[in-house]
Amino acid sequence: SHDKGRTFKIILEALEELNYEVRYKVIDGQNYVPQHRERIIIVGFDRERYGNDIKFSFDNLTMVTPKPVMNDILENNVADKYTLSDKLWTYLQNYAAKHKAAGNGFGYGIAQKNSISRTLSARYYKDGSEILIEQNGRNPRRLTPRECARLQGFPDTFIIPVSDTQAYRQFGNSVVVPMITDVARLIGEELNRCEAMENIVAEHSEEYNVM
């Protein structure tokens, strides 16, 4: 939608000039992780290498069933430092009330544990306001870096060697890993199909030359 669609049109025109056969689709991360995260995925196949008969389709994506929910990624024991201070929690509530009165939708977001969250952003390190977790008898808390990693589909074996601030920034800028893995699987299958077709054509060509 950027610049009324003109930006995307320029992208497609550039890829066409480079002789790519292009497929694209807006995919929501909530099909893989408990997060509403819509991203456009563009896949291009070099026509000079693979020809024009490309069968690639996003229809064969393998989405997680049942859909994950926030409870699936939450840690059991979370340090007190992730709980919002009284000062910050009061500020966020007042900020939300002010914008609500003005008819705007700005404000914090409490993620329901049996549902999905808002989109995790690189600004999460500032106050964590877009994704907060309720706590009994306490102020809400922000997600831990490990929970942010899980929210983007990183396995627990993924090492987080940086500070919390850097981790929030990096995970907020990340793609949803299982979504990209799924797209990569489809690309791999199509490349294998194209190469198999090339081998068949080459074999027939050799037979014709022998005859």
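Residues numbered from 1 in each chain as written. Predicted model: local features only at pLDDT ≥ 70, side-chain atom pairs only at ≥ 80, totals over all residues. Heavy atoms only, no water.

## Some thoughts on the overall build of the protein chain
Moving on, step 1. What the protein chain contains, in helices and strands, is seven helices and four strands.
Moving on, step 2. Start at the N end of the protein chain and walk to the C end: the helices and strands fall as α-β-β-α-α-α-β-β-α-α-α.
Moving on, step 3. Its C-alpha radius of gyration of 23 Å places the protein chain more than 25% over the 17 Å reference for a compact globule of 211 residues.
Moving on, step 4. With respect to the principal axes defined by its C-alpha atoms, the protein chain has extents near 85 × 40 × 30 Å.
Moving on, step 5. Across the 211 residues that make up the protein chain, the buried fraction comes to 33%.
Moving on, step 6. If you take every contact in the protein chain between residues at least 6 apart in sequence, the share linking residues at least 24 apart comes to 64%. (Helix = DSSP H or I, 4+ residues; strand = E, 2+ residues; numbered from the N terminus. Rg over C-alpha atoms; globule rule 2.2 N^0.38 Å. Buried < 20%, exposed > 50% of the residue type's maximum accessible area, 1.4 Å probe, protein only. Contact = heavy atoms within 4.5 Å.)

## Points about the confidence of the model for the protein chain
Moving on, step 1. On average, the protein chain scores 92 in pLDDT, and the residues at 70 or more come to 93%.
Moving on, step 2. The secondary-structure element of the protein chain with the lowest mean pLDDT is helix H7 (residues 177-210), recorded at 81, while helix H5 (residues 145-151) shows the highest, at 98. (pLDDT = per-residue confidence, 0-100.)

## Re the environment of Leu18
Moving on, step 1. Looking at where Leu18 falls in the secondary structure, it is placed in the loop between helix H1 (6-17) and strand S1 (20-28).
Moving on, step 2. On the basis of relative accessibility, which here comes to 58%, the residue Leu18 falls in the exposed class.
Moving on, step 3. When the C-alpha atoms of Leu18 and Asp46 are compared, they prove to be 8.1 Å apart, with 28 residues separating the residues in sequence.

## Thoughts on the pattern of salt bridges
Pairing of side chains with opposite charge becomes possible as their charged atoms draw close.
Moving on, step 1. Enumeration over the complete set of coordinates arrives at 14 salt bridges.
Moving on, step 2. Residue Glu21 pairs with Arg47 through a salt bridge whose shortest N-O separation is 2.8 Å. Of this pair, Glu21 sits in strand S1 while Arg47 sits in helix H2 (residues 47-50); the two residues are 26 residues apart in sequence, bridging distant segments of the chain. Accessibility assignment for this pair places Glu21 and Arg47 in one class, buried. (Salt bridge = Lys/Arg side-chain N within 4 Å of Asp/Glu carboxyl O.)

## What to know about the nonpolar core
Side chains of nonpolar character tend, in soluble globular proteins, to be buried together.
Moving on, step 1. If you look at the biggest cluster of nonpolar residues, it comprises 17 residues, and the most contacted ones within it are Met70, Ile131 and Leu143.
Moving on, step 2. Of all the secondary structure elements, the ones that give two or more residues to this core are H5 and helix H6 (164-172).
Moving on, step 3. Non-local contacts of Leu143, meaning those with residues more than four positions away in its chain, are made with Met70, Leu74, Tyr82, Tyr124, Ile131, Ile133, Cys148, Leu151 and Tyr168.
Moving on, step 4. In terms of nonpolar packing, the next biggest core, distinct from the first, is built from 15 residues, Val33, Ile41, Phe56 and Cys194 among them. (Core = buried A, V, L, I, M, F, W, Y, C linked by side-chain atoms within 4.5 Å.)

## Some points on helix H3 (residues 86-101)
Moving on, step 1. For H3, spanning 16 residues, the distance from its first C-alpha to its last is 23 Å, which sits close to the expected 22 Å at 1.5 Å a residue.
Moving on, step 2. Buried within H3 are the following residues: Trp89, Leu92, Ala96 and His99. In an axial view of H3, the angular spread of the buried residues amounts to 100°, which keeps them on one side of the axis. Opposite the packed face of H3, turned more than 90 degrees from it, sit the exposed residues Asp86, Lys87, Lys98 and Ala101.
Moving on, step 3. Positive phi shows up at Gly103, right after H3, with a value of about 85°. (Expected span 1.5 Å × (residues − 1). Arc of directions from axis to C-beta.)

## Overview of the environment of Gly107
Moving on, step 1. Within the secondary structure layout, Gly107 lies in the loop between H3 and helix H4 (124-127).
Moving on, step 2. Sequence-wise, Gly107 and Glu130 are 23 residues apart; in three dimensions their C-alpha atoms are separated by 7.5 Å.
Moving on, step 3. Discounting chain neighbours no more than four positions away, the residues touching Gly107 are Ala96 and Arg118.

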